[in-house]
Amino acid sequence: MWVMCACEPLKSDELLSAIRLDPKGDITPLSEEVDEGLLLDLCNNLLVLDSQRNVWRFSHLSVTEYFEKNHWDLVQAHCYAAKICLGLLIDTYKEPRTSSVDSLRDIHDLESRARDIFDPKHSLQKYSRYYWITHIQTQEEQEVDPVLADLLKAFLGSPGESSLQYRQWYLQVKADRDSPSTFDFPYIGIREISPENSTVLVMCRFSFYTLLSDWWANAEISLSQTNSEGENLLTLAAVAGCRPICEELIKRGMYVNLESGIYGSALAAAARRGNTETVEFLIEKGADVNLQLQTGDYGSALAAAARRG
């Protein structure tokens, strides 16, 4: 599954570590170590280790088709990977850190070399830290996997109060930005989801709706919450192009023409990002196309759309 859905080709230390983890939420204890030779034997020529790039790949495109037809599809593979990533992050950050971000090794009593998987510097940690969001996003509009939904909730905490693990993940990503070794990983706009004690910001910005539909239906959510750039929740959902979250927020009483942040309004944000469906939905709900914005960088939604080109 990992080779099928990985957001970037996996090196040996990443893949050999990932296959030792249990996707059911019980990350520890780890299964027995597998080396490159054993993995190649077990996979019976379906996988190869690319000697030039030093990454794992399928031996032929037909292997992907075989697995999709006979075992699991791409969505299921992403679901599996998301469980591993979240389970690893939850286990890694389950203890509060009393010193620097990079000293998590001191917190865990590493019983063997295998426990290095729980060190934030491990390559699988870096992969999980930056790609759990991508794997989760593939589950939108899919049938909810209850194990994955529970893991996501455990990692986030609640819409209004983040978990210890989420806050420490946030601090680690923030610290990573000063390290050139992480430049190969996708950029996560920390200020967009700051402050870290409120996970509703990341829920809106990255379209976490399907797996958290019961939260959106029933949980207490402060509609006045804004991020460090002054963006309100509706604007963040518009940036993400997530119509269902926009709809839930408006149902809860959020004013569709509320001005805030660098975009100025939710409609301007959706227009600037080119999220046509969200633009149409917001207009349907009363967003004013001609509103002259007193905040933000664009002046109006029409100007924001023009800026996009």
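Residues numbered from 1 in each chain as written. Predicted model: local features only at pLDDT ≥ 70, side-chain atom pairs only at ≥ 80, totals over all residues. Heavy atoms only, no water.

**Describing the environment of Thr138**
In plain terms, the rule: Comment: elements are numbered from the N terminus, with helices defined as DSSP H or I runs of at least four residues and strands as E runs of at least two. The buried label applies to any residue whose accessible area, calculated with a 1.4 Å probe on protein chains only, is under 20% of its type's maximum; exposed applies above 50%, and partly exposed to all values in between. Any two residues having at least one pair of non-hydrogen atoms within 4.5 Å are treated as being in contact.
Structurally, the position occupied by Thr138 is in the loop between helix H7 (123–137) and helix H8 (146–156). By relative accessible area, Thr138 is classed as partly exposed at 24%. Sequence separation between Thr138 and Gln76 is 62 residues, and the spatial gap between their C-alpha atoms is 9.4 Å. Aside from chain neighbours lying at most four places away, what touches Thr138 is Val75 and His78.

**Focus: the packing of aromatic side chains**
The way to describe two aromatic rings as a pair is by their centre distance and the angle between their planes. Heads up, the rule is: Stacked, edge-to-face and tilted are the three classes for Phe, Tyr and Trp ring pairs, Trp counted by its six-membered ring, which pair at centre distances within 6.5 Å; planes under 30 degrees apart are stacked, over 60 edge-to-face, the rest tilted.
With the rule as written, the count across this model stands at 9 aromatic pairs. For the pair Trp2 and Tyr127, a centre-to-centre distance of 5.8 Å together with 75 degrees between the ring planes defines the contact as edge-to-face. Linking Trp2 in helix H1 (residues 2–5) with Tyr127 in helix H7, this pair joins segments that are 125 residues apart in sequence. Using a relative accessible area of 3% as the deciding quantity, one classes Trp2 as buried. For Tyr127, a relative accessible area of 0% gives the class buried.

**Some details on the pattern of salt bridges**
Using the following cut-off: Note on definitions: salt bridges are taken to be side-chain nitrogens of Lys or Arg within 4 Å of carboxyl oxygens of Asp or Glu.
Within this structure, the stated rule accounts for 9 salt bridges. Across the pair Asp91 and Lys94 runs a salt bridge, and its minimum N-O distance is 3.4 Å. Look at Lys94 and you get partly exposed, because its relative accessible area is 40%. A salt bridge links Arg205 to Glu192; the nearest nitrogen and oxygen atoms lie 3.1 Å apart. Here Arg205 is found in helix H10 (residues 200–205), whereas its partner Glu192 is found in the loop between helix H9 (164–176) and H10, with 13 residues between them in sequence. Neither Arg205 nor Glu192 differs from the other in exposure class; each is buried. If you follow the salt bridges from partner to partner, you end up with Glu192, Arg205 and Arg273 in one network.

**Quick notes on the side chain of Ser265**
What counts is decided by this rule: Definition of a polar contact: a pair of N or O atoms within 3.5 Å, with one able to donate and the other able to accept a hydrogen when the atoms are protein atoms, and with sequence-neighbouring residues admitted only if both atoms are side-chain atoms.
Relative to the assigned elements, Ser265 resides in the loop between helix H13 (243–251) and helix H14 (266–273). Owing to a relative accessible area of 4%, Ser265 belongs among the buried residues under this scheme. For Ser265, the side chain forms a polar contact with the main-chain nitrogen of Ala268, separated by 3.1 Å. Not counting the four nearest positions on each side in its chain, Ser265 is found in contact with Thr235, Leu258, Ser260 and Leu293.

**A few points about helix H15 (residues 276–284)**
As a reminder of what qualifies: Of all possible arcs, the one meant is that of the directions from the helix axis to the C-beta atoms.
Of all the positions in H15, only Thr278, Val279, Phe281 and Leu282 are classed as buried. Buried positions in H15, seen along its axis, are confined to an arc of 165 degrees and lie on one side of it. Away from its buried face by more than 90 degrees, H15 exposes Glu280 and Glu284. Buried residues along H15 sit against helix H12 (233–240), H13 and H14.

**Remarks on the pairing of strand S2 (residues 55–58)**
Quick note on the threshold: By this definition, two strands are paired if DSSP reports at least two bridges between them.
As paired strands, strand S1 (residues 47–50) and S2 are joined by 4 bridges and run antiparallel to one another. From the neighbouring strand, Leu49 faces S2, where its bridge partner is Trp56. Between S1 and the antiparallel strand that follows it, S2, lie 4 residues; Asn54 among them carries a positive phi value of about 60 degrees.

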